[in-house]
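Here are the chains, one letter per residue:
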Amino acid sequence: MNLELISEHACFGGVQRYLRHDSRVIGLPMRLGVYLPPQALQGARVPAVIYLAGLTCTEETFPIKAGAQRIAAELGLALVSPDTSPRGAGVPGEAEHWDFGVGAGFYLDATQAPWRTHWRMESYVVDELRGLLDALPDALPGAPSIDTARLGLMGHSMGGHGALTLALRHPGAFRTLSAIAPIAAPSRCPWGIKAFTGYLGEDRTTWAAHDASELMRAQGSAPYPAGILVDQGEADKFLADQLHPEALEQACAAIGQPLTLRRHAGYDHGYYFIQTVIEDHLRHHAGGLA
């Protein structure tokens, strides 16, 4: 595997690394961040939480802004932060909109030209990324080992949409699940309608397979009986038009899926909110990945 170490930084007894590799799924170079806690550096095979970031973000946004490494070091969790889309594809118009194209992959495999060639973030996260983590010790001699049988998935905003939908679409791939201010019903919000029309086409019957609330309603039983954690700020300017957490809440209630949906007065959509709740999310995952 062609894996390049771009940089590394000591952090809370562990190490934050940034990596680049030639993606067979995307067909372009991709970057990701990996935080290895001190337990991993000491030889333990540690579980990992994959964090899917939101619109306009990169693999560096979460590691730099969320303040997650301190608690991950305590809990012995690796943190994995992939980029949010392909970059450098040369698709006409790919960088014209902040909410579509570059930095806005929506964690699905596009079916429409010209996006379907490279915009395959679902396959990248679910299939290729797991294999990449398995191969770390061989690709980077001396690299600690991550236990890919113990993976949690979380995300924010577009990434919260990605976490919920990928976990529901791929049963058993992720043991634990959480989201912060997720796009919970993309079929009915401007961000989702724009992305789904561009990536999946005009036929809305295909959209439900990538809509967390619709997917949840279609489950035969609770996919995460130990519970899903979701946090939402009530001062979030995107809450009313874009996020619709009540749709996910209703879908979970309909099938008996335990959901802890916490609403926080005064908090907005940004990383100050993520910093406030990240410890609870990592403890949620650590409990289920132990």
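Residues numbered from 1 in each chain as written. Predicted model: local features only at pLDDT ≥ 70, side-chain atom pairs only at ≥ 80, totals over all residues. Heavy atoms only, no water.

A. Molecular detail of helix α6 (residues 158–169). Taking 1.5 Å per residue, 12 residues should reach 16 Å; α6 reaches 16 Å between its end C-alpha atoms and fits that length. The buried fraction of α6 amounts to 11 of the 12 residues, a majority that puts the element mostly inside the structure. All buried positions along α6 are accounted for by M158, G159, G160, H161, G162, A163, L164, T165, L166, A167 and L168. (Helix = DSSP H or I, 4+ residues; strand = E, 2+ residues; numbered from the N terminus. Expected span 1.5 Å × (residues − 1). Buried < 20%, exposed > 50% of the residue type's maximum accessible area, 1.4 Å probe, protein only.)

B. Inspection of the packing of aromatic side chains at higher detail. As enumerated under the stated definition, the model contains nine aromatic pairs in all. With centroids separated by 5.0 Å and ring planes inclined at 85°, the aromatic side chains of W115 and W119 adopt a geometry described as edge-to-face. Of the residues examined, W115 reaches a relative accessible area of 7% and is grouped as buried. Judged by relative accessible area, W119 falls into the buried class, the value being 0%. Seen from their ring centres, W115 and Y199 are 6.0 Å apart, and the 85° between their planes marks the pair as edge-to-face. On the criterion of sequence distance, the pair formed by W115 in the loop between β5 (78–82) and α4 (121–134) and Y199 in helix α7 (residues 190–200) is long-range, its members being 84 residues apart. With respect to burial, W115 and Y199 carry one shared label: buried. Ring pairing ties together the aromatic residues F100, W115, W119 and Y199, which thus form one cluster. Over the aromatic face of F174 sits the side chain of R130, whose NZ or CZ is 6.0 Å from the ring centroid. (Phe/Tyr/Trp six-rings, centres within 6.5 Å; stacked < 30°, edge-to-face > 60°. Lys NZ or Arg CZ within 6 Å of the ring centre and 35° of its normal.)

C. Here's a closer look at the layout of surface pockets. Taken as a whole, the largest pocket spans an internal volume of roughly 340 Å³. What lines the largest pocket is a set of 18 residues, and nearest its centre among them are H156, F238, H269, G270 and Y271. Among the secondary structure elements, those contributing two or more residues to the lining of the largest pocket are α2 (61–65) and α11 (271–289). Of the residues contributing to the lining of the largest pocket, the split by class is seven nonpolar, seven polar and four charged. (1 Å grid on protein atoms, 1.4 Å probe; cavity = no way out; pocket = protein on both sides within 12 Å on 5 of 7 lines; lining within 4 Å. Points joined across faces, edges and corners; volume = space filled by probe spheres on them. Nonpolar A, V, L, I, M, F, W, Y, C, P; charged D, E, K, R; others polar.)

D. Summary view of the pattern of salt bridges. Per the counting criterion, the structure on display carries 13 salt bridges. With a closest N to O distance of 2.6 Å, R87 and D83 form a salt bridge. Residue R87 is classed as partly exposed on the basis of its relative accessible area, which comes to 31%. When the shortest N-O distance is used, the salt bridge between R283 and E279 registers 3.0 Å. Of this pair, R283 and E279 both sit in helix α11, four residues apart, roughly one helical turn. (Salt bridge = Lys/Arg side-chain N within 4 Å of Asp/Glu carboxyl O.)

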